[in-house]
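An overview of the molecular structure
Here is how the chains run, residue by residue.
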Amino acid sequence: MMASVELEADIRSEQSQPSRIAIWASGPLGEALPTLRQTELPRFGLDGLTLGRPRKALEIPEGAQFLSRSFACAAGSRNYKVYIPRRPQTGRRALLVMLHGGTQDADDFAAGTRMNALAEEHGFMVAYPIQSKAANASLCWNWFSPENQMRGRGEPAIIAGITSEIVADYDVDPARVFVAGLSAGGAMAAVMGATYPDLYAAVGVHSGLPYRSAADLPSAFAAMRGDAGPRGRRSRKSRRAGDDGPRIRTIVFHGDADNIVHPSNAANMVEMERAVESLERVEARHAAIRAHTRTVTRDKTGAVVVEQWIVHGSGHAWSGGSPDGTYTDPHGPDASQEMLRFFFEERPLSLYD
């Protein structure tokens, strides 16, 4: 979702050029583009974003490890990186699986989110599955295709396999396994939470889309525009009626100036939840960071189902991220810190200190 036919991934830019066309698919996109009017494609707003590649190599503290590994199963194979902090392990570690956005890779996403540094501070592990160019020329996860929205199939099976491999190899606490992502990675994180609720305890979706918000390339463009259409409405209705699986706790971040993925997608994640008992909404304004609205949705038992952050004036970027990575908005509230706080609310991070 964060690639362009005009914008190469290695361009450093602080400019504002809202006329870029966002492209994230590979072969099927070339076949579909002639049937889509250019005015129907999402516009690429660059205001306030940091787009260049990481400006310096990731620094790995002495004693820590950032390992390159690979995983293969019947559904396919992917490379991934895993960060193991240097601090001594006093118990079973937690694991956070981070799914990058288009044109990004593991190092870039780690730099932009500062998640390795937070893992070092708190003692959890971080895994970064890496999309391959063979699967998608823009390195986006193919969240919109039906075969990648099912348990045991396609990319969800590969990502779940990577997660399970790390849990087994490093004696990870299975009750503290989480998944989060940005853009296409955020949409795929929503897929993982829906298809593997037994594997992940909570999900973080940044600038992404709800599960089954698209079924092919045209409906994906429509969902990104915020126009679900008849297909999208049927998908959401059928999921509400037919999804009897366990609800997974979800935290959502989205900029209300996002010109790639319409912020209505964040609202849809709240609306899709069943048996909502209460909403708590707080607007916050701070001189040092962007104003934002935080909404907490609770079920009938009082448990938090969804926590939604709308960052006012922010575009398609990781809120509070580092300028050392791409697609970051350093001026927003810190999405990385807030996601960790949400993930570990029930079993605090202090347990790892």
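In this report, the structure presented in the accompanying data block is examined.

In terms of regular secondary structure, the chain is built from nine helices and 15 strands. A burial count over the chain gives 56% of its 353 residues as buried. Residue pairs at least 24 apart in sequence account for 70% of intrachain contacts in the chain once pairs closer than 6 positions are excluded. Carbon together with sulfur atoms contributes 49% to the accessible area of the chain, which is approximately 14300 Å² in total.

Below, the discussion takes up the side chain of serine 219. For serine 219, the location among the structural elements is in helix H6 (residues 217-225). At 2.8 Å, the side chain of serine 219 forms a polar contact with the backbone nitrogen of alanine 215.

Attention now moves to the pairing of strand E9 (residues 202-206). By the criterion of burial, E9 is predominantly enclosed, with five of the five residues buried. Side chains Ala202, Gly204 and His206 project from E9 onto one buried face, and the interleaved Val203 and Val205 project onto a second face that is buried too. Inspection of the sheet shows strand E8 (residues 177-182) paired to E9 by five bridges, in the parallel sense. Its bridge partner being in E9, phenylalanine 178 is matched across the sheet by alanine 202. The parallel pair E8 and E9 is bridged by helix H5 (residues 184-195), and the resulting crossover is right-handed. As judged from the five bridges shared by E9 and strand E10 (residues 249-255), these two strands associate in the parallel manner. Each bridged residue has a counterpart across the sheet, and for glycine 204 the counterpart in E10 is isoleucine 251.

A few words on the environment of asparagine 79. Inspection of the secondary structure puts asparagine 79 in strand E5 (residues 76-84). Judged by relative accessible area, which is 48%, asparagine 79 ranks as partly exposed. As a C-alpha pair, asparagine 79 and tyrosine 128 span 49 residues in sequence and 8.8 Å in three-dimensional space. Contacts of asparagine 79, omitting those with residues within four sequence positions, involve Arg69, Ser70, Tyr128, Pro129 and Ile130.

Here the structure, examined in full by the defined rule, presents nine aromatic pairs. When the ring of phenylalanine 178 is compared with that of phenylalanine 343, the centres are 4.9 Å apart and the planes differ by 5 degrees; the resulting orientation is stacked. Taken together, the positions of phenylalanine 178 in strand E8 and phenylalanine 343 in helix H9 (residues 335-343) put the pair 165 residues apart, joining distant regions of the chain. Residues phenylalanine 253 and tryptophan 309 carry aromatic rings whose centres are separated by 5.1 Å and whose planes lie at 10 degrees to one another, so their mutual orientation is stacked. One end of the pair, phenylalanine 253, is in strand E10; the other, tryptophan 309, is in strand E13 (residues 304-311), and 56 residues separate them in sequence.

We now examine the side chain of threonine 293. Structurally, threonine 293 can be placed in strand E12 (residues 292-299). Setting aside anything within four residues of it in sequence, one finds threonine 293 in contact with Arg281, Val282, Glu283, Gln308, Trp309, Ile310 and His312.

Take the environment of alanine 189 next. Structurally, alanine 189 can be placed in helix H5. Sequence separation between alanine 189 and proline 210 is 21 residues; the distance between their C-alpha atoms is 9.3 Å. Once residues within four sequence positions are removed from consideration, alanine 189 is found in contact with Leu99, Val179, Ala180, Gly181, Val203 and Gly204.

A few words on the packing of helix H4 (residues 154-169) against H5. The geometry of H4 relative to H5 is characterised by a closest axis approach of 10 Å and an angle of 80 degrees between their N-to-C directions. Between H4 and H5, the crossing angle belongs to the class labelled roughly perpendicular. Contacts between H4 and H5 pair Glu155, Pro156, Ile159 and Ala160 from the former with Met188, Val191, Met192 and Thr195 from the latter. For the contact of H4 with H5, the residue count by class is six nonpolar, one polar and one charged.

The next thing to look at is the pattern of salt bridges. Going through the model one piece at a time under the given rule, you end up with 15 salt bridges. Here lysine 81 and aspartate 107 are joined by a salt bridge, their closest N and O atoms 2.9 Å apart. Taken as a pair, lysine 81 in strand E5 and aspartate 107 in helix H2 (residues 106-113) lie far apart in primary sequence, 26 residues in all. Looking at aspartate 107, the relative accessible area reads 29%, which means it is partly exposed. Measuring nitrogen to oxygen at the nearest pair gives 2.9 Å for the salt bridge that ties aspartate 198 to arginine 151. Here the residue aspartate 198 occupies a position in the loop between H5 and E9, and arginine 151 occupies one in the loop between strand E7 (125-129) and H4, the gap between them amounting to 47 residues. A relative accessible area of 46% places arginine 151 in the partly exposed class. When salt bridges with common partners are traced through the structure, they connect Arg249, Arg294, Glu307, Glu338, Arg341 and Glu345 into a single cluster.

Our next topic: H2. The element H2 is largely enclosed, with a buried count of seven among its eight residues. With a side-chain oxygen lying 3.3 Å from the backbone nitrogen of aspartate 107, the N-terminal cap of H2 falls on aspartate 105. Among the residues trailing H2, arginine 114 stands out with phi positive, at a value near 60 degrees.

The rules we used
- Numbers given to residues run from 1 along each chain, matching the order in which its sequence is written.
- Thresholds applied to this predicted model are a pLDDT of at least 70 for local features of residues and 80 or more for the giving and counting of side-chain atom pairs; totals over whole chains, interfaces and linings are not thresholded and use all residues.
- In computing side-chain values, all of the structure's heavy atoms are included and hydrogens and water are not.
- To qualify as a helix, a DSSP run of H or I must reach at least 4 residues; to qualify as a strand, a run of E must reach at least 2; elements of each kind are numbered from the N terminus.
- Whether a residue is buried, partly exposed or exposed follows from its accessible area with a 1.4 Å probe, protein chains only, as a fraction of its type maximum: under 20%, in between, or over 50%, in that order.
- Any two residues having at least one pair of non-hydrogen atoms within 4.5 Å are treated as being in contact.
- Only the protein chains shown count as cover for residues, and the accessible areas themselves come from Shrake-Rupley with a 1.4 Å probe.
- Two N or O atoms count as a polar contact when they lie within 3.5 Å, although within protein this holds only if one can serve as hydrogen donor and the other as acceptor, and sequence-adjacent residues are included solely when both atoms are side-chain atoms.
- Whether two strands pair depends on DSSP finding at least two bridges between them.
- Viewed with both strands pointing away, a crossover whose connecting path from the first strand over the helix to the second turns clockwise is right-handed.
- Between rings of Phe, Tyr and Trp, where Trp is taken as its six-membered ring, a pair exists when centres lie within 6.5 Å; planes separated by under 30 degrees are stacked, by over 60 edge-to-face, and by other angles tilted.
- Axis lines are fitted to C-alpha atoms, over the contacting stretch for helices. Their N-to-C directions set the angle, which ranges from 0 to 180 degrees.
- Geometric relationships in this document are graded by angle, where less than 35 degrees denotes roughly parallel, more than 145 denotes roughly antiparallel, 65 to 115 denotes roughly perpendicular, and other angles denote oblique.
- Note on residue categories: nonpolar means Ala, Val, Leu, Ile, Met, Phe, Trp, Tyr, Cys or Pro, charged means Asp, Glu, Lys or Arg, and polar means any other residue, Gly included.
- Salt bridge, as used here, is a side-chain nitrogen of Lys or Arg placed within 4 Å of a carboxyl oxygen of Asp or Glu.

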